[in-house]
Amino acid sequence: MNQAILARNARKLLRNSLVNNRSLASISSAPPNPNSVGPFQVFDRNAKRLQKDRAASRAGGERSRTVDYVRDAVADTMMERLLDIKRKFNVILDLGSGPGHFSKMLEPSITKKVVMLESSEKTLHRDPDSEFDVEVDRIHADEENLLETIPRNSQEAIVSCLSLHWVNDLPEALQPDGVFLGALFGGDTLFELRTSLQLAELEREGGISPHVSPMTDSRDMSNLLGRAGFTLLTVDIDEVKVNYPTMWELMEDLRDMGESNAIIGRRNYIHRNTLAAASAIYKELHGNEDGSIPATFQIIYLIGWKPAPTQPRALERGTAQTNLKDVL
């Protein structure tokens, strides 16, 4: 393997960001292939549900609690954005809620009730109601079939904390002047793992397969929200970088998060020698001086409002200048 070429390719992808530390161990496994593919589908929703169920079941849920660190950090940042909205909601719908990373942070001053909707029943019921400060209603349902359980145009506020990156399509349920607040993984998430696996497969097997979910970027999300009819858009990006002893601990944590590969058409397995090569490449190209390896999680935060006649509107071009002349 030409290490100079590998290093040159990897340097194009390196990023600097906030560093946290993490320590666990083992190896994750890939889920089975689906039997059928529908139009415009990228992700196998059934496989993702099973992955989440298994993650929430390991050691009575303790393994998944150990890896709540990324979602808890993102939920905290989302809460800061929600607090900037000076409105009290009767009900907030937490879409793809997991065990309630965001919902646990809600207080009676923000909302009377939270509705948690999650495709994995075991994940949904992992934590008791005593950990929440507001009334909780839990709905076991797929986000893509939202309108089977939630009426159209009915919700004051919908939030989603790191769930949308596994959703093929999402129905509309907001009422006019309702707000959507979300966070999802962006395109640079786990770029170190992605490139290491690709280079290892090229070297050992002569080709590459998708092992990390394809993810969007901030410009795509702005366009999607605009085409969906949202107004008063806010889209921004943050990064969290976590240090792991080796690639094996990272992959095990992803498994315990329920974040294993669920792309339609994925391979059933990765050869052990390919994984060993990927681990060596990861440490060689991306490793820290202390021997640990970094993993980047890029987070895209979204805020959008459903149009309503009472909403404030941007001034037409030239209006502000005309008004200023009148004052002067």
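Residues numbered from 1 in each chain as written. Predicted model: local features only at pLDDT ≥ 70, side-chain atom pairs only at ≥ 80, totals over all residues. Heavy atoms only, no water.

An unreviewed UniProt entry annotates the chain as S-adenosyl-L-methionine-dependent methyltransferase of Somion occarium.

A. Inspection of the side chain of Thr123 at higher detail. Along the chain, the position of Thr123 falls in helix 5 (residues 121-124). A residue is classified by how much of its surface remains accessible, and Thr123, at 10% relative accessible area, is buried. Setting aside chain neighbours within four positions, we find Thr123 in contact with Lys52, Asp53, Ala56, Gly98, Pro99 and Glu118. (Helix = DSSP H or I, 4+ residues; strand = E, 2+ residues; numbered from the N terminus. Buried < 20%, exposed > 50% of the residue type's maximum accessible area, 1.4 Å probe, protein only. Contact = heavy atoms within 4.5 Å.)

B. Summary view of the pattern of salt bridges. A full pass over the atoms with the stated rule returns 22 salt bridges. With a shortest N-O distance of 3.8 Å, Arg45 and Glu144 are connected by a salt bridge. Note that Arg45 is positioned in helix 2 (residues 45-57) and Glu144 in the loop between strand 4 (135-140) and strand 5 (155-161), a separation of 99 residues in sequence. Relative accessible area serves as the criterion here: at 19%, Glu144 is assigned to the buried category. What you see here is one network of salt bridges that share partners, running through Glu62, Arg65, Asp68, Lys104, Arg126, Asp127 and Glu131. (Salt bridge = Lys/Arg side-chain N within 4 Å of Asp/Glu carboxyl O.)

C. Seen up close, the packing of helix 6 (residues 191-205) against helix 9 (residues 272-286). In contact at an axis separation of 8 Å, helix 6 and helix 9 are set at 130° when each is read in the N-to-C sense. Put simply, helix 6 runs oblique to helix 9. Helix-helix and strand crossings are classified by hand; for helix 6 and helix 9 the assignment is right-handed. Residue-level contacts link Phe191, Glu192, Leu193, Thr195, Ser196, Leu197, Leu199, Ala200, Glu201, Arg204 and Glu205 of helix 6 to Asn273, Thr274, Leu275, Ala277, Ala278, Ile281, Tyr282, Leu285 and His286 of helix 9. Among the residues forming the contact of helix 6 with helix 9, the class breakdown is 11 nonpolar, 5 polar and 4 charged. (Axes fitted to C-alpha atoms, helices over the stretch in contact; angles between N-to-C directions. Parallel < 35°, antiparallel > 145°, perpendicular 65-115°, else oblique. Left-handed = near helix turned anticlockwise from the far one by under 90°. Nonpolar A, V, L, I, M, F, W, Y, C, P; charged D, E, K, R; others polar.)

D. Geometry of the packing of aromatic side chains. For the structure shown, the criterion picks out 2 aromatic pairs. Relative to Phe297, the ring of Phe185 lies with its centre 5.8 Å away and its plane at 40°, an arrangement referred to as tilted. Taken as a pair, Phe185 in strand 6 (residues 174-185) and Phe297 in strand 8 (residues 293-305) lie far apart in primary sequence, 112 residues in all. Taking the relative accessible area as the measure of exposure, Phe185 reaches 4% and is therefore buried. In this arrangement the basic side chain of Lys48 is found over the ring face of Trp166, its NZ or CZ atom lying 3.8 Å from the centre. Here the guanidinium or amino end of Arg81 rests over the ring plane of Tyr301, the centre of that ring lying 4.2 Å away. (Phe/Tyr/Trp six-rings, centres within 6.5 Å; stacked < 30°, edge-to-face > 60°. Lys NZ or Arg CZ within 6 Å of the ring centre and 35° of its normal.)

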